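What follows is each chain in one-letter form.
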Amino acid sequence: AYYKHGIAGDDDLVIENGTIVISSKEHGIKVNDTLEISGGDISVTSKEGKGLKSDKEIVISGGKLNLNSLTNEGVESEGSIVITGGELDIKSMGNGINSAKSDDPEAIYDIRISGGKINVESGENGIDSYGNIIVSGGEIYLGIPTSADKAPVDCKGKFDVTGGKIFLGGTEITDANLLTVPS
């Protein structure tokens, strides 16, 4: 049944293993602090919210995540997002992975990807950061956004690629500038 958030936490939430299947009206997993995922098989379908939502930070180091947001972002943090491992399959009508601005003046909005395999099909930007996007490893597969005014990658800071592989529509991209539009 679709009702409110699938899993909600006032503090940090750590997922280390197990099988989790969520069908939610709002956010699939919503935490007020840090969300850490190091293992498990997680499947989320969200009708009106985000697949994963944190008010502080999201750290993914392992696990298999299948996130389907029917009207919103796949993964959103009002702080940083760090991905060092795992497999993420994200389908969203909004941004695929989004580091959004918050009211916290000390928040860091970087998205850092150093490992894992990430597949994003989004209606808006595939990866969108209010800060920097730093890619040093992993494999990232981006679809072409369905909104004409959006780009596979969008950030207010710098987009720095020092490692890993990035594919757009199945073709490996070696010039990161081809993925962005000026903010």
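Each remark here, short or long, concerns the structure printed above.
Keep in mind that what you see is a predicted model, and the values were worked out from it rather than measured.

Definitions and limits used
- Residues numbered from 1 in each chain as written.
- Predicted model: local features only at pLDDT ≥ 70, side-chain atom pairs only at ≥ 80, totals over all residues.
- Heavy atoms only, no water.
- Helix = DSSP H or I, 4+ residues; strand = E, 2+ residues; numbered from the N terminus.
- Buried < 20%, exposed > 50% of the residue type's maximum accessible area, 1.4 Å probe, protein only.
- Polar contact = N/O pair within 3.5 Å; in protein donor to acceptor, adjacent residues only side chain to side chain.
- Contact = heavy atoms within 4.5 Å.
- Core = buried A, V, L, I, M, F, W, Y, C linked by side-chain atoms within 4.5 Å.
- Pairing = 2+ DSSP bridges.
- Axes fitted to C-alpha atoms, helices over the stretch in contact; angles between N-to-C directions.
- Patch = residues over 30% accessible without salt bridge, like charges linked within 9 Å, V, L, I, M, F, W, Y side chains within 5 Å.
- Areas by Shrake-Rupley, 256 points an atom, 1.4 Å probe, with all protein chains shown as cover.
- Salt bridge = Lys/Arg side-chain N within 4 Å of Asp/Glu carboxyl O.
- Lys, Arg positive; Asp, Glu negative; His and termini not counted.
- Charge placed at Lys NZ, Arg CZ, Asp CG, Glu CD.

A. Representation of the side chain of Ser 122. Of note, Ser 122 is situated in strand E14 (residues 111–122). Relative accessible area serves as the criterion here: at 6%, Ser 122 is assigned to the buried category. Within the structure, the side chain of Ser 122 is placed 2.8 Å from the backbone oxygen of Glu 124, a separation counted as a polar contact. One polar contact links the side chain of Ser 122 to the main-chain carbonyl oxygen of Asn 125, over a distance of 3.4 Å. Non-local contacts of Ser 122, meaning those with residues more than four positions away in its chain, are made with Ser 92, Gly 94, Asn 95, Gly 96, Ile 144, Pro 145 and Thr 146.

B. Layout of the nonpolar core. With 36 residues, the main nonpolar core has Leu 52, Ile 97 and Phe 159 as its most contacted residues. Sequence-distant contacts of Ile 97, that is, excluding residues within four places in its chain, are made with Val 75, Ile 81, Ile 83, Ile 90, Ile 111, Ile 118, Val 120, Gly 126, Ile 127 and Asp 128.

C. The sheet that holds strand E10 (residues 75–77), seen in detail. The strand order E1-E4-E7-E10-E13-E15-E17 describes an open sheet built from seven strands, whose pairing is parallel. The outermost strands of the open sheet, each flanked by one partner alone, are strand E1 (7–9) and strand E17 (153–155). Strand-to-strand, the axes of this sheet are offset by a mean angle of 5°, without reference to chain direction. Two elements, strand E7 (residues 52–54) and E10, share three bridges in a ladder whose sense is parallel. Within E10, the residue paired with Lys 53 across the bridge is Glu 76.

D. Main features of a negative patch on the surface. The grouping of Asp 10, Asp 11, Asp 12 and Glu 36 at the surface amounts to a negative patch. For Glu 36, a relative accessible area of 37% translates into the label partly exposed.

E. Quick peek at the pattern of salt bridges. For the coordinates displayed, the defined rule picks out nine salt bridges. The closest approach of N and O atoms between Lys 50 and Glu 76, which form a salt bridge, is 3.8 Å. On the criterion of sequence distance, the pair formed by Lys 50 in the loop between strand E6 (41–46) and E7 and Glu 76 in strand E10 is long-range, its members being 26 residues apart. Assigned by exposure class, Lys 50 and Glu 76 land together as buried. A salt bridge links Asp 110 to Arg 112, with the shortest nitrogen-to-oxygen separation between them at 3.4 Å. Under the relative-accessibility criterion, Arg 112 is labelled partly exposed at 41%. Salt bridges linked by common partners bring Lys 30, Lys 50, Lys 53, Asp 55, Glu 73, Glu 76 and Glu 78 together as one network.

Everything listed is a geometric property; what it means functionally is a separate question.
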